[in-house]
Amino acid sequence: MTQMKRLRSLAATLRAPRSLAAGLLALGGAAFFCAGADSAAAAPAGLELHAAVTAAPTTIDPHRQNTTPNNALAAQVFEALVGRDSLLLPSPLLATGWELSSDDLHWRLRLRRDVTFQNGQPFTVRDVVFSFCRVALREAAQSTQMATPGSDGHIPGQLYPLPGAGPMVLATPDPYTIDITTRGPEPLLLQALSNLPIISARSAGAPDDMTFSLDGCSWDGWDKLFTAGLASPEINGTGPYRIAAFASASETVLEANPNYWGAAPQWQRATYTQMADDALRLRALLSGSADIIDQVPASALTTFNRKAAFDVVQGRTNRVIYLAFDVASATAKGVDGTGGRNPFRDQRVRHAFSLAIDRQALGERVLSGSGDPTMELVPKGASGALGLAVPRADILYARALLADAGYPAGFSVTLGTPRDRYLQDKEVADAVGLMLGRIGIHVTVDARPGTEFFDRRSKGEYGFYLAGLGSNMADLSAPLRLLATTPADGTYGRLNFSGYSNPVVDALVRQSLATISPEKRLPALLGAARIVADELPVLPLYFEKSSYGLRSELDYKPRTDQYLLADDVRYRSSAKLAN
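Residues numbered from 1 in each chain as written. Predicted model: local features only at pLDDT ≥ 70, side-chain atom pairs only at ≥ 80, totals over all residues. Heavy atoms only, no water.

*Asks:* Would you explain the overall build of the protein chain in this entry?
*Replies:* A count of helical and extended segments in the protein chain gives 16 helices and 22 strands. For the protein chain, the proportion of its 579 residues judged to be buried stands at 56%. Sequence separation of at least 24 residues holds for 71% of the intrachain contacts in the protein chain that already meet a minimum separation of 6. Surface exposure of the protein chain reaches about 22,800 Å², of which carbon and sulfur atoms provide 51%. (Helix = DSSP H or I, 4+ residues; strand = E, 2+ residues; numbered from the N terminus. Buried < 20%, exposed > 50% of the residue type's maximum accessible area, 1.4 Å probe, protein only. Contact = heavy atoms within 4.5 Å. Areas by Shrake-Rupley, 256 points an atom, 1.4 Å probe, with all protein chains shown as cover.)

*Asks:* Just checking my understanding: could you explain the nonpolar core for this structure?
*Replies:* One broad rule of soluble globular proteins: the nonpolar side chains tend to lie buried together. Phe 344, Phe 353, Leu 362, Phe 411 and Leu 436 are the most contacted members of the largest nonpolar core, which has 76 residues in total. Setting aside chain neighbours within four positions, we find Phe 411 in contact with Val 335, Asp 336, Gly 337, Thr 338, Pro 343, Phe 344, Val 349, Phe 353, Leu 402, Gly 440, Ile 441 and His 442. Within the second largest apolar cluster, 68 residues are counted, among which are Val 53, Ile 198, Leu 254 and Leu 550. (Core = buried A, V, L, I, M, F, W, Y, C linked by side-chain atoms within 4.5 Å.)

*Asks:* What should I look at first to understand the environment of Ala 244 in this one?
*Replies:* Residue placement: Ala 244 occurs in strand E10 (residues 241-247). For the pair formed by Ala 244 and Thr 271, sequence separation is 27 residues and the distance between their alpha carbons is 9.6 Å.

*Asks:* Whenever I open this one, the confidence of the model for the protein chain confuses me. Can you help?
*Replies:* Predicted coordinates in regions of low pLDDT should not be interpreted in detail. In this model, the protein chain carries an average pLDDT of 84, and 83% of its residues clear a pLDDT of 70 or more. Counting contacts from residues 1-39, a segment whose pLDDT is below 50, to residues more than four positions away or on other chains yields 78 contacts. Note on residues 139-165: pLDDT under 50 across the span, and 95 contacts to partners over four residues away in sequence or across chains. (pLDDT = per-residue confidence, 0-100.)

*Asks:* Whenever I open this one, the pattern of salt bridges confuses me. Can you help?
*Replies:* A pair can form between side chains of opposite charge whenever their charged atoms are brought close. This structure, assessed with the given rule, holds 23 salt bridges. We note a salt bridge from Asp 208 to Arg 126, for which the minimum N-O separation is 2.9 Å. Taken together, the residues span a long stretch of sequence, with Asp 208 in the loop between helix H6 (201-204) and E10 and Arg 126 in helix H4 (residues 125-137) at a distance of 82 residues. On the basis of relative accessible area, Asp 208 is assigned to the exposed category, the value being 65%. What emerges from the salt-bridge pattern is a single network uniting Glu 48, Arg 242, Glu 255 and Arg 269. (Salt bridge = Lys/Arg side-chain N within 4 Å of Asp/Glu carboxyl O.)

*Asks:* For this particular structure, what's the right way to read the packing of helix H15 (residues 503-512) against helix H16 (residues 518-535)?
*Replies:* How two helices pack is summed up by the angle between their axes together with the distance between the axes. Remark: H15 packs on H16, axes separated minimally by 8 Å, with the N-to-C direction vectors making an angle of 155°. Viewed along their axes, H15 and H16 adopt a mutual orientation that is roughly antiparallel. In this structure, H15 crosses over H16, and the sense of that crossing is left-handed. Residues Val 504, Val 505, Leu 508, Val 509, Gln 511 and Ser 512 of H15 pack against Arg 521, Ala 524, Leu 525, Gly 527, Ala 528, Ile 531 and Val 532 of H16. By residue class, the composition of the contact of H15 with H16 is nine nonpolar, three polar and one charged. (Axes fitted to C-alpha atoms, helices over the stretch in contact; angles between N-to-C directions. Parallel < 35°, antiparallel > 145°, perpendicular 65-115°, else oblique. Left-handed = near helix turned anticlockwise from the far one by under 90°. Nonpolar A, V, L, I, M, F, W, Y, C, P; charged D, E, K, R; others polar.)

*Asks:* So what exactly am I meant to see when it comes to helix H3 (residues 68-77) here?
*Replies:* Residue pairs three or four apart in sequence face the same way in an α-helix, which turns once every 3.6 residues. H3 sits mainly inside the fold: nine of its 10 residues count as buried. By the burial criterion, the buried members of H3 are Thr 68, Pro 69, Asn 70, Asn 71, Ala 72, Leu 73, Ala 74, Gln 76 and Val 77. Looking at the buried positions of H3, the neighbouring elements they touch are E10, strand E11 (251-256), strand E12 (269-274) and strand E14 (310-325).

*Asks:* Mind showing me how you'd approach helix H7 (residues 278-287) here?
*Replies:* Every buried residue belonging to H7 is among Arg 281, Leu 282, Ala 284, Leu 285 and Leu 286, and all of these are buried. Between a side-chain oxygen at the N-terminus of H7 and the backbone nitrogen of Ala 279 the separation is 3.1 Å; the capping residue is Asp 277. Gly 288, located one to two residues past H7, shows a positive phi value of around 95°. (Polar contact = N/O pair within 3.5 Å; in protein donor to acceptor, adjacent residues only side chain to side chain.)

*Asks:* What is the right way to read the packing of aromatic side chains from this model?
*Replies:* Remark: the centre distance and the inter-plane angle together describe each pair of aromatic rings, the angle taken between the planes. Inspection of the entire model under this criterion finds 19 aromatic pairs. Measuring from ring centre to ring centre gives 5.8 Å for Trp 267 and Tyr 571, while their planes differ by 40°; the resulting arrangement is tilted. Taken together, the positions of Trp 267 in the loop between E11 and E12 and Tyr 571 in strand E22 (residues 569-572) put the pair 304 residues apart, joining distant regions of the chain. You can call Trp 267 buried: its relative accessible area is 1%. We classify Tyr 571 as buried; its relative accessible area is 8%. Relative to Phe 464, the ring of Phe 325 has its centre 5.4 Å away and its plane inclined at 15°; by these criteria the two rings are stacked. Of the two residues, Phe 325 sits in strand E14 while Phe 464 sits in strand E19 (residues 464-470), which places them 139 residues apart along the sequence. Phe 464 gets classed as buried once you look at its relative accessible area, which sits at 0%. Each member of the aromatic cluster is reached from another via a ring pair, and the members are Phe 325, Phe 344, Phe 353, Tyr 407, Phe 411 and Phe 464. (Phe/Tyr/Trp six-rings, centres within 6.5 Å; stacked < 30°, edge-to-face > 60°.)

Written out as structure tokens, the structure is:
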């Protein structure tokens, strides 16, 4: 059997099992629906929403872990000064607006005056200062989104995206105004502020006179928060929902906040139940126990038809799936047949791998259309996209590159991958292995549960691996800073497990993060992106498309950040509304 036939055979095996496909068709399947085709209406009072989701939140603390399920929960219970729309662009939330001084260093934000926390306490600048202090100084705030100060006193992380600009100074001229002064320009400050959920200072028992300072802000109560269960008074945000029940990585129940300052919540209760198994989520939807599910398996999309009471909506995401190489070590782990050399240090080998992979086949066959092929780290149409054409697989040229690099017979390599984190991640890794086999690369796929995979990756145990990145910063600097800059300052190169280092790329990314003007920032970002695209320390494959199954009387428009928010699920105006 030729390698192409083997690949097609593999793609065929990724279709839904016959019993599952038959069950879907027997129950009527689902109609493929383009979001926005029908207007939506508010849900009748008292109705409940039931969602079956692949991954559930692991904590109710909005400052502890930066994961999509945790952030989606926090976005519904807590709020930030700055919000993000479905395209991740900054929008007013707890701040009604902002001004920037002519020297690009002084920001003034005006706070809403009609906001109360879920227990009725008023929201003021005191809560903002308290939340800034908690994220900056508490030792338990260990996440990729918010982190503790570095050894030189600056605050790393997405909250303060430019290390050279810290520390910040916060002033509170009145209860509803906050002034932020930075040491250098912060072009992504608004996006960064959207990552900081505000919690109640009074509920936490914080001092009345707390002020923000990297040398002060001391209080011994930071790590006592969110430890006493759901009865704890500090579980108190300003969002449209409050937490009624929570079981880590299992089930979360939200209740409408009757004191919400904005539009009334869509649902009286919203229950999120974790069902990691694809078949279980489908069964929950088709049986009526779930109103909406996420990550409809690609293998099931082709079984849906237009005659049933279920729809599927798809949306573009900013999550890029990529391959990463160890380009720094003298000997790469998991590589054999190279005489002890690390083949990935040779750019020709990395380009050979790229030319061996049929990205179109991955997106259309393995993922049944749920992947947009790419050669870039940001989606097409996004600011900073280079517009690179996706190359067609070229086996002859790829083999020639390998031979020119000194590997005419190829070599063996282990490909690390999670098996439960991304759409069809194990199946994609298997397909990549078959494609690389066509140029003489013998691939052994090492698929592990996501938590184990990421732990092993952070310890440098993979010389070659598959992973994904979805940044909510909506800026090219985010993937470049995380994946392609030299690790430094606790924020640059945080996900650069390849060991890639190029001082020109570092300088260009840092330059972009010290420039406010979009017109002046873009050339630096594009210059860095072109170098990375040429040197290929990471190899972009495709952007995931998110797929949601839902009852046909409901309407849902997927978000780019893949947050499944209850208020985004609405009844169609044409649906019959009944209690």
